[in-house]
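# Examining the three-dimensional arrangement
Residues per chain are reported as follows:
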Amino acid sequence: MDTKQLWKNCLVEIEAGVSKANFSTWFKNTCILKEEIGIVYVGVPNEFVRDWLKNKYHKLITKTIADAYENMRAVEYIITKTEPNKQELPKTTETYINKELPLRDLYINPDDNLNPRYHFNSFIVGTFNELAYAASQAIIENPGTKYNPFFVYGGTGLGKTHLIQAIGNSIKEKYPNKKVHYLTLEKFATDFINSLQNNKANSFKEKYRRYDLLIIDDIQFIGKMEKIQEELFHTFNTFYENNKQIIFSSDKHPNYIPELADRLKSRFAAGMIVDVSEPEYESRLAILKVKLKELNVDLDQEIIEYVAESIQGNIRELEGSLNTIICQYRLKNKPLLVSEVKNLLKNNIKPKKNVAIKDVVKIVSNYYSLEEASIYEKTRKKEIVKARQIIMYLLREDFNVSYPLIGQKLGGKDHTTVIHSYLKIKNDLKNDPQLMQELEQIRIMFK
Amino acid sequence: MKIECGIEKIKNGILQVEKITGKNLTLPILSSILLIASGKSLKLRATNLSLGVEIEIPAKVEKEGIVAVSGTTLAGIFSNIFQNENIYLEEEGGNLLIKTKKSKIKLKGQTHDDFPTIPIVNGKTFEIESKKLVDGIKSVYYSSSLSDIKPEISSVYIYSNEDNLVFVSTDSFRLAEKKIKTKIVEEISGMLVPFKNIPEILRIFGDIQGVIKVCFNKNQISFSSDNVYLTSRIIDGVFPDYRQIIPKEFEVEAIILKQDLLNALKLSNIFSDKFNQINLLIKPKEKIFELSSQNNDIGENKTYLDAVLKGKDAVLGFNYKYFFDCFQSINTDSISIRLNQSSKPMVISGSSDNSFTYLIMPMNR
């Protein structure tokens with residue numbers, strides 16, 4: 001339904017029914033904000049107008065809208081921010097000479113720290129994050145009881161912050177009385193340390209405990225902070241006991257956060273732990289389209305597809321590449337060719353990893369202080385088997401070498417042996433943080 | 001409607017609410033004052049759709065009723081009645097009859113049905129002494145931006161911080177902050193009262209003693225005392241994060257007697273150019289605190305003041321008007337000026353008073 005057109009039609013009707021003075025006083029700057037299940041929300045500039053429309057013109061408005069829009073059930077009035085007449089600042093010489101205070105606009109609400117930009121409207125759901133999305137919707141329905149705590153983890157730039165802030169924003173909208181607060185662990189820590197310095201540990205506790213929903217981002221850094229872990233533990237307990245929702249995000253599963261106290265680990269696991277993984281092609285395409293719409297830019301379908309295909313993994317990088325293209329597009333002021341885009345993005349695209357199998361063997365055997373040659377030998381010594389299996393896993397997982405080729409290069413093993421090794425390591429990784437760490441360290445050496 | 005009441009009381013009430021009646025508005029009824037007689041009082045109501053006020057005056061009501069009459073006319077009548085006795089107001093056929101012992105006036109009424117309602121605000125409430133509220137607003141509001149382009153700084157920003165209620169205004173060239181100690185039960189995260197409504201709020205509550213109840217939500221704020229109810233729209237916006245621009249460390253500090261500085265500034269202003277520029281030169285080692293200004297058409301002037309100085313040498317230019325404005329908010333005898341080299345703002349406050357802070361940006365030349 002086109003609310004703009006609807007209101008325009010209604011205004012014409014209303015104008016005929018009231019005096020000109022009344023019309024221009026009360027109906028100027030009004031609009032229809034939205035329509036939801038038959039309720040039409042009329043936006044008004046201030047409370048004076050709201051009261052008056054409600055008391056004096058409600059019948060007229062209801063009738064006029066009902067005539068024009070048959071599905072209408074009720075009319076509500078909401079005060080909206082009227083856009084000030086945007087005009088360029090008159091450049092006086094005074095403003096030129098007198099420096100301005102470097103005041104920055106606060107875009108983020110200082111009360112809850114939430115960035116209004118992060119909303120579910122702009123959140124793309126795909127197979128890579130649908131579980132996290134579904135869980136967050138359940139939380140919005142029943143905050144505090146359904147999945148408490150809610151723990152989101154995943155690699156950098158995959159939309160964790162977007163997701164958890166969107167939960168905050170939605171809860172704020174849905175339950176205006178609930179106090180929502182978003183912060184990073186770093187902020188939590190500095191706050192805590194400050195309160196200790198000023199001997200105000202109690203006010204710190206009170207400050208956090210009066211919120212109804214606490215969202216803590218980047219919790220993975222908590223590892224080394226023992227005292228903060230303890231404080232978080234107590235805060236957590238208070239929230240949990242009062243059925244207040246608490247949400248964490250991290251780039252690792254709680255089990256892999258180093259030096260995390262067991263009591264916190266088990267508490268994180270008590271609620272819901274979900275991961276967001278990397279978006280697949282279709283989701284990347286959808287993300288790009290949403291971004292373009294937000295920025296109000298039109299790009300060739302071919303270009304969008306090319307970007308979605310070539311930039312894999314991280315959503316942040318995807319956005320970055322898109323921004324580069326848009327910047328170039330605005331600069332040139334004419335549609336870009338795919339070849340130009342390819343040229344622009346050539347640095348953003350990670351080169352396909354090509355590595356000699358020999359190098360992998362060398363690095364891994366070095367890491368485990370083994371003779372390089374021992375890997376190729378037919379031996380079942382435990383430490384060598386482990387290294388060999390890790391080599392196979394890496395070759396398959398990171399470098400996409402085929403099973404038979406891996407087998408052939410590692411001393412003529414059968415491809416089923418390779419598959420077995422691959423699956424074994426993959427399985428072990430789930431339960432063995434030690435192995436995970438080793439693997440990460442090895443991976444760093446490839447870079 | 002038929003009532004009798006003391007002339008002084010009704011006169012004050014009318015002169016107060018008349019200022020708020022809408023002028024130059026498309027709706028003529030807004031330029032009138034609504035008189036409501038009911039119970040044991042007469043209520044005077046006026047609004048311009050940004051601000052609404054209602055003042056209650058004790059009166060002997062013989063017959064209840066409502067009438068709306070032109071505000072300007074009513075104010076004109078009452079500012080010219082000087083007898084100190086009772087006055088009789090009576091509504092007759094939509095018109096208002098005003099009778100005293102020596103005069104009889106008939107005033108044409110307007111259809112009071114069209115008179116807008118004044119919103120009753122529901123939201124957080126707190127109480128504050130009228131004097132403190134007025135002091136807080138008065139100390140800062142002159143720094144607000146006059147232009148409508150950025151509504152969030154064309155306002156007085158009020159928020160609570162521990163035991164203080166903090167008032168802030170800025171027009172981005174200077175900034176004033178006043179902290180008022182008061183008991184606030186509930187935390188106030190911040191509200192923006194439009195600058196345009198401030199003078200009226202000050203005028204109405206300036207004479208009122210006692211406690212004012214303040215009630216506010218996202219869109220509206222109300223102030224009420226025993227017999228006055230005033231409500232204003234508030235700006236739905238976010239005040240800039242000003243705290244981070246107040247410098248914490250300073251290279252130069254000076255303490256000067258307020259009266260000395262004021263006199264020197266006035267003198268310097270005679271010679272300032274069309275940008276009101278005055279230059280300040282501080283040399284702590286040589287104990288020099290110099291104010292100078294020059295104008296090619298008039299001449300130039302240098303004034304030296306006795307001051308307690310600390311830190312490095314400094315030179316900067318600033319706008320005389322901005323400096324002059326803040327004197328009304330400083331109650332101590334001496335003023336402390338703290339600054340850093342070049343482009344950082346100059347910070348002015350009372351020398352032993354932390355409650356008021358004033359920032360001025362230097363000029364570029």
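Below, the structure is looked at part by part. (Residues numbered from 1 in each chain as written. Chains lettered and ligands numbered in written order. Predicted model: local features only at pLDDT ≥ 70, side-chain atom pairs only at ≥ 80, totals over all residues.)

Once that is clear, we can look at the nonpolar core. Of all hydrophobic cores here, the largest spans 94 residues; its most connected members are B:Ile33, B:Ile137, B:Val156, B:Phe318 and B:Ile360. Here this core takes five residues from strand E2 (residues 32-38) of chain B, the largest share from any one element. The contacts of B:Val156, once residues within four sequence positions are left out, are B:Ile137, B:Val140, B:Tyr141, B:Ser144, B:Phe167, B:Ser169, B:Val193, B:Phe195 and B:Ile198. Counting 56 residues, the second largest nonpolar core, distinct from the first, contains A:Phe239, A:Ile247, A:Ile315 and A:Leu322. (Core = buried A, V, L, I, M, F, W, Y, C linked by C-beta atoms within 7 Å. Buried ≥ 20, exposed ≤ 12 C-beta atoms within 10 Å, placed from the backbone. Helix = DSSP H or I, 4+ residues; strand = E, 2+ residues; numbered from the N terminus. Contact = placed C-beta atoms within 7 Å.)

Geometrically, a packed helix pair is captured by the angle between its two axes and the distance between the axes. Residues and elements named next belong to chain A. The geometry of helix H7 (residues 185-197) relative to helix H8 (residues 201-209) is characterised by a closest axis approach of 7 Å and an angle of 145° between their N-to-C directions. Contact with H7, carried on its side by Asp191, Phe192, Ser195 and Leu196, involves Ala201, Ser203 and Phe204 of H8 and no other residues of that element. Counted by class, the contact of H7 with H8 contains four nonpolar, two polar and one charged residues. (Axes fitted to C-alpha atoms, helices over the stretch in contact; angles between N-to-C directions. Nonpolar A, V, L, I, M, F, W, Y, C, P; charged D, E, K, R; others polar.)

A word on H7(A). All names here are of chain A. Here H7 contains 13 residues, and its C-alpha end-to-end distance of 18 Å stays within 8% of the 18 Å for a straight helix at 1.5 Å per residue. Of all the residues in H7, the buried ones are Leu185, Phe188 and Phe192. Taken end-on, H7 shows its buried residues confined to a sector of 60°, consistent with a single buried face. Residues Asn194 and Gln197 are exposed on H7 and point more than 90 degrees away from its buried face. On its buried face, H7 is in contact with strand E5 (180-184), H8, strand E6 (213-217) and helix H9 (226-241). With its phi angle positive at about 60°, Asn199 sits one or two positions after the end of H7. (Expected span 1.5 Å × (residues − 1). Arc of directions from axis to C-beta.)

Our next topic: the environment of A:Thr417. As for its position among the elements, A:Thr417 is in helix H19 (residues 415-431). For the pair formed by A:Thr417 and A:Gln389, sequence separation is 28 residues and the distance between their alpha carbons is 9.4 Å.

Right, let's get into unusual backbone geometry. Note the cis peptide between A:Asn148 and A:Pro149, where omega equals -5°. Locating A:Pro149 in the fold gives a position in the loop between helix H5 (130-141) and strand E4 (150-154). Backbone geometry at B:Lys287 places phi at a positive 55°, although glycine is not the residue there. Its location among the elements puts B:Lys287 in the loop between strand E20 (277-283) and strand E21 (288-295). A tally of 12 C-beta atoms within 10 Å means that B:Lys287 is categorised as exposed.

Residue and element names in this part refer to chain B. Across five bridges, strand E7 (residues 86-92) lies against strand E8 (residues 95-99) in antiparallel orientation. Opposite Glu92, over in E8, you have Asn95 as the bridge partner. Where E8 meets strand E9 (residues 104-107), four bridges bridge the pair, whose relative direction is antiparallel. When the bridges of E9 are listed, Leu96 appears paired with Leu107. Counted along the chain from E8 to the antiparallel partner E9, the turn is four residues long. (Pairing = 2+ DSSP bridges.)

Quick look at the sheet that holds strand E17 (residues 220-224) of chain B now. Residues and elements named next belong to chain B. Here we have nine strands laid out as an open sheet, ordered E10-E6-E2-E3-E4-E18-E17-E16-E11, and antiparallel in their pairing. The open sheet has two edge strands with one neighbour each: strand E10 (109-110) and strand E11 (124-129). As paired elements, E2 and strand E6 (residues 65-70) share six bridges and run antiparallel to each other. Counted as the bridge partner of Ile33 is Val69 from E6. Where helix H1 (residues 7-18) meets the sheet, it contacts E2, strand E3 (41-47) and strand E4 (51-58), and its direction lies at approximately 180° from that of E4. Running at roughly 90° to E6, helix H2 (residues 71-78) makes contact with E2, E3 and E6 of the sheet.

Residue and element names in this part refer to chain B. Strand order across the open sheet formed by four strands is E22-E21-E20-E24, with antiparallel pairing between neighbours. The outermost strands of the open sheet, each flanked by one partner alone, are strand E22 (299-304) and strand E24 (314-319). Strand-to-strand twist of the sheet, defined as the mean angle between neighbouring strand axes without regard to direction, takes the value 20°. As defined by bridge partners, E20 adjoins E24 across six bridges and the pair is classed as antiparallel.

So, to be careful, I would describe these as geometric facts and stop short of saying anything about function.
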